[in-house]
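Fold and geometry: a report
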Amino acid sequence: SGSQHVASFDPLSGSEFWKHEGPTEQFVASPVFDGERFIFVGGFPDYHVLALRGDGAGDIDESHVAWHSTEARCYVPSPVLVGDRLLVANDEGIAHCFNATTGEHMWKARLGRHYSASLLSANGRAYFLDDDGVMKVVKPDGKRPEIEAENNVGEFCCSSPAIADGALYIRSETHLFC
């Protein structure tokens, strides 16, 4: 994803497989892949959630858009997939859940004050770490989020959390928590 388009390339030769122009000037967040679709969130100055089928060639502007939504104003945090659910967080603390296959907007809810960190998924849950250091563990089933846990490290956090060897790592402004 880049300035004014997204594209797919052969990693060995560098040749372009496909390209989709727009629909916005910038995509900052990393895309996710559900096995059939590449899903991009973000944009500036316009905001989009865009699912593109990955089997195209050349210009796929019209042919390979699986679904497209402007219901979420996401920019920096990268999304995650939990089963067939796409979870995204906007910079202003609002979380959204989409059906990754159809694009149906399942729910939205305020889960924090502001998000900079990318989301994390594990064990059928999505992990939302807001800038205030509050981690919410969310089960995304149903028509609203089910918050299963909320933990506060008590410090400013804008780095994305990570999982390794069964442990969760959170980097704050001054500490590394495990």
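Bear in mind that the values here come from a model prediction, so they are computed numbers and not experimental data. (Residues numbered from 1 in each chain as written. Predicted model: local features only at pLDDT ≥ 70, side-chain atom pairs only at ≥ 80, totals over all residues. Heavy atoms only, no water.)

**Here we look at the packing of aromatic side chains**
Following the criterion strictly, the structure yields four aromatic pairs and no others. Taking the centre distance of 6.0 Å and the plane angle of 55° together, the rings of Trp18 and Phe38 count as tilted. In this pair, Trp18 sits in strand 2 (residues 16-21) while Phe38 sits in strand 4 (residues 37-42), placing the two residues 20 residues apart along the sequence. Classification of Trp18 as buried rests on a relative accessible area of 2%. Ring geometry for Trp67 versus Phe98: centroids 5.7 Å apart, planes at 25°, classification stacked. Of this pair, Trp67 sits in strand 7 (residues 65-69) while Phe98 sits in strand 10 (residues 94-99), and the two are 31 residues apart along the sequence. Here Phe98 falls in the buried class, since its relative accessible area comes to 0%. One aromatic cluster is present, formed by Trp18, Phe33 and Phe38 through successive ring pairs. (Phe/Tyr/Trp six-rings, centres within 6.5 Å; stacked < 30°, edge-to-face > 60°. Helix = DSSP H or I, 4+ residues; strand = E, 2+ residues; numbered from the N terminus. Buried < 20%, exposed > 50% of the residue type's maximum accessible area, 1.4 Å probe, protein only.)

**A look at unusual backbone geometry**
In this model, Asn123 sits at a positive phi of 55°, which is unusual for a non-glycine residue. Take Asn123: it is sitting in the loop between strand 12 (120-122) and strand 13 (125-129). At Asp165, a position not held by glycine, the phi torsion is positive, near 50°. With respect to the element layout, Asp165 can be found in the loop between strand 16 (162-164) and strand 17 (167-171). When its relative accessible area of 84% is taken as the criterion, Asp165 is described as exposed.

**Overview of the pairing of strand 14 (residues 134-139)**
Regular strands show a simple pattern: their side chains alternate between the two faces of the sheet. Burial analysis of strand 14 places five of its six residues in the buried class, which makes it a mostly covered element. In this structure, strand 13 lies alongside strand 14, joined through four bridges in antiparallel fashion. What sits directly across from Ala126, in strand 14, is Val138. Between strand 13 and strand 14, which pair antiparallel and follow one another directly, the connecting turn spans four residues, one of which, Gly133, has a positive phi of 85°. With six bridges joining them, strand 14 and strand 15 (residues 146-152) adopt antiparallel strand pairing. (Pairing = 2+ DSSP bridges.)

**A closer look at the sheet that holds strand 14**
The strand order 12-13-14-15 describes an open sheet built from four strands, whose pairing is antiparallel. Strand pairing shows two members of the sheet lacking a second neighbour, strand 12 and strand 15, which therefore form its edges. Each strand axis lies, on average, 25° off the axis of its neighbour in the sheet, ignoring direction. Where strand 12 and strand 13 come together, three bridges link them in antiparallel fashion. Looking at the pairing, Ser121 lines up with Ala126 of strand 13. (Axes fitted to C-alpha atoms, helices over the stretch in contact; angles between N-to-C directions.)

**A few points about the pattern of salt bridges**
The final tally for this structure, using the stated rule, is eight salt bridges. For Glu36, the salt bridge identified is with Arg37, shortest N-O distance 3.4 Å. Judged by its relative accessible area of 52%, Glu36 falls in the exposed class. Its salt-bridge partner being Lys136, residue Glu150 comes within 3.9 Å of it at the nearest N-O pair. Taken together, the residues span a long stretch of sequence, with Glu150 in strand 15 and Lys136 in strand 14 at a distance of 14 residues. Among the charged side chains, a network of salt bridges with common partners joins Asp34, Glu36 and Arg37. (Salt bridge = Lys/Arg side-chain N within 4 Å of Asp/Glu carboxyl O.)

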